[in-house]
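Structure at a glance
In case you want the letters, here they are:
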Amino acid sequence: MSSPTFKPVSVRAGVNIALIKYWGKAKDQENLPAVGSISMTLRDLFTQTRISVSPDDSDHFELNGIPTRDPRVFKLLDQVRTRAGIDQPMQVVSQNFVPTASGLASSASGSAALVTAAWKFLTDRDEWTEVIDIVRKGSGSAPRSLLGGLVELDKARGEIRQLSPPEAWPLSMVVAQLSEGAKATSSRHGMAHTRATSIYYDAWVQAHPYDLARAREAIERQDLEQLGTVMESSTMRMHACMLGARPPLIYWNARTLQVIELVHTLRKSGVGAWYTMDAGPHVKILCLPDDAHDIRHAIDASGVSLKTTIDSMGDGVCVQ
Ligand code: PMV
């Protein structure tokens, strides 16, 4: 019997930004979230990953042109091989068009692109339940990057569904990058620490379904003010939960508060702008495409942002 021939596969996956946050893992479950979440997939911040046959009998991984021995990547490749039942070493070349590990969700787009590419490369099959299951192990929020537009990740079984495609209600996100380099505490450690020590953790989990319901309703009605309001509340509750940990966990810097204040000022002057922050200091501002340039201009004029970009809603993973 002849051995199978493998064709190189290239996959692009957009970064996703949570509007309703996930923070905390379910107990005794394989990286399943303790709460559901709703996100927006972006178009211009993304990871591109190409997989081909390894030149020897081990896996190789190159990130942004640098050979890297990242055990998380090799573990994911092992899981894809086990599920596919095919023992083929792979060569992985990845490019992050987003700062790596800085709280701008590069691990989500990275895991989504890697697992989709490896699965397609080995099996040439479109089996999304298999892919979702493995992707989730790389990063709890990564399954959301598989779909475009506004996406909900269900906590119970880790399933994803699209709430609104990009063309149905195009929204923009202004991304203010407020630091350089990687974050000090990974979200995995931060979540475990918060769950173990924060007196606010149970309250966060209990109140969460209400935020999800308000956001779903806002998306259904295309009500940006309601969506923005519940989004701000979700990010503040998540960070409050971290502040209640011992020792407290703070991902922000002084610039984060300056941008929040700027968003408040913009809103008072009639601009529809709402902020959200993840496990990093950067602020992402949700708005209508027509307002995005004015918001970026205001941030740049304040001098607090190292780099400000405007992004729009992107599609789900794209296999080339
Ligand atoms: O999927 P992880 O482990 O990178 O965690 C993501 C956590 C947040 O970005 C803070 C929130 C979210 O839902 O994306």
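Residues numbered from 1 in each chain as written. Predicted model: local features only at pLDDT ≥ 70, side-chain atom pairs only at ≥ 80, totals over all residues. Heavy atoms only, no water.

**Remarks on the site of the ligand**
Heads up, the condition is: The rule for a residue being near a molecule or strand is that one of its heavy atoms must lie within 4 Å of it. Between N or O atoms, a polar contact is any pair within 3.5 Å; within protein, one atom must be a potential hydrogen donor and the other a potential acceptor, and residues adjacent in sequence are included only when both atoms are from side chains. Each accessible area value is a Shrake-Rupley result obtained with a 1.4 Å probe; residue values ignore everything except the protein chains displayed when judging cover.
Neighbouring residues of the ligand: 14 residues in total, closest Tyr22, Ser139, Ser141, Arg144 and Asp278. Within the contact set of the ligand, an oxygen atom lies 2.9 Å away from a side-chain nitrogen or oxygen of Ser139. Between the ligand and the protein, one listed contact pairs an oxygen atom with a backbone N or O atom of Gly140 at 3.2 Å. Taken by itself the ligand offers 380 Å² of open surface, and the protein chains cover 91% of this.

**Let's talk about unusual backbone geometry**
Just so we agree on the cut-off: To qualify as a helix, a DSSP run of H or I must reach at least 4 residues; to qualify as a strand, a run of E must reach at least 2; elements of each kind are numbered from the N terminus. Exposure classes here rest on a 1.4 Å probe applied to the protein chains alone. A residue is buried below 20% of its type maximum, exposed above 50%, and partly exposed in between.
Here the bond from Arg246 into Pro247 is cis, since omega is -5°, no more than 30 degrees from zero. Within the secondary structure layout, Pro247 lies in the loop between α6 (224-243) and α7 (254-268). At Gln222, a position not held by glycine, the phi torsion is positive, near 50°. Mapped onto the elements, Gln222 comes out in the loop between α5 (201-221) and α6. Given a relative accessible area of 40%, Gln222 falls into the partly exposed group.

**Examining the packing of helix α2 (residues 106-123) against helix α3 (residues 128-138)**
Note the threshold: As a rule, the C-alpha atoms of each element are fitted with a line to give its axis, helices using only the stretch in contact, and angles between N-to-C directions run from 0 to 180 degrees. Here is the rule for angles: anything less than 35 degrees is roughly parallel, anything more than 145 is roughly antiparallel, 65 through 115 is roughly perpendicular, and the remaining ranges are oblique. In this scheme the crossing of two helices becomes right-handed for a clockwise turn of the near helix relative to the far one and left-handed for an anticlockwise turn of less than a right angle. We call two residues in contact whenever any of their non-hydrogen atoms come within 4.5 Å of each other.
Orientation of α2 relative to α3, taken along the N-to-C sense of each, is 140°, at an axis distance of 9 Å. One way to sum up the angle between α2 and α3 is to call them oblique. Handedness of the crossing formed by α2 with α3: right-handed. From α2, Ser111, Ala112, Val115, Thr116 and Trp119 reach across to α3, where they touch Trp128, Glu130, Val131, Ile134, Val135 and Gly138.

**Points about the environment of Arg214**
Turning to its location among the elements, Arg214 is positioned in helix α5. For the pair formed by Arg214 and Met231, sequence separation is 17 residues and the distance between their alpha carbons is 9.5 Å. The residues contacting Arg214, other than those within four sequence positions of it, are Gln226 and Val230.

**Overview of the packing of helix α1 (residues 71-84) against α2**
Put simply, the rule reads: Charged means Asp, Glu, Lys or Arg here, nonpolar means Ala, Val, Leu, Ile, Met, Phe, Trp, Tyr, Cys or Pro, and polar covers whatever is left, Gly included.
Orientation of α1 relative to α2, taken along the N-to-C sense of each, is 35°, at an axis distance of 10 Å. Note on packing geometry: the crossing formed by α1 with α2 is right-handed. Seen from α1, the contacting residues are Val73, Leu76, Leu77, Val80, Arg81, Arg83 and Ala84; seen from α2, they are Ser111, Leu114, Val115, Ala118, Trp119, Leu122 and Thr123. Residue classes in the contact of α1 with α2 are distributed as 10 nonpolar, two polar and two charged.

**What to know about the sheet that holds strand β8 (residues 172-177)**
Our working definition: A pair of strands is treated as paired once DSSP finds two or more bridges between them.
The strand order β9-β10-β8-β11 describes an open sheet built from four strands, whose pairing is antiparallel. Lying at the two open borders of the sheet, with one neighbouring strand each, are β9 (273-276) and β11 (307-312). In this sheet, adjacent strand axes meet at a mean angle of 25° when their direction is disregarded. The pairing of β8 with strand β10 (residues 283-287) spans five bridges and is antiparallel.

**Details of the pattern of salt bridges**
Opposite charge on two side chains makes pairing possible when the charged atoms of those side chains draw close. Spelled out, the test is: Every case where a carboxyl oxygen of Asp or Glu lies within 4 Å of a side-chain nitrogen of Lys or Arg is listed as a salt bridge.
This model, assessed by the stated rule, comprises 19 salt bridges. The salt bridge involving Asp211 is made with Arg237; its shortest N-O contact spans 3.8 Å. Linking Asp211 in helix α5 with Arg237 in helix α6, this pair joins segments that are 26 residues apart in sequence. For Asp211, a relative accessible area of 3% gives the class buried. In this structure, Glu217 engages Arg221 in a salt bridge whose closest nitrogen and oxygen atoms are separated by 3.5 Å. You can see Glu217 and its partner Arg221 sitting in helix α5, four residues apart, about one turn around the helix. Connected through salt bridges with shared partners, the residues Arg83, Glu130, Asp133 and Arg136 form a single ionic network.

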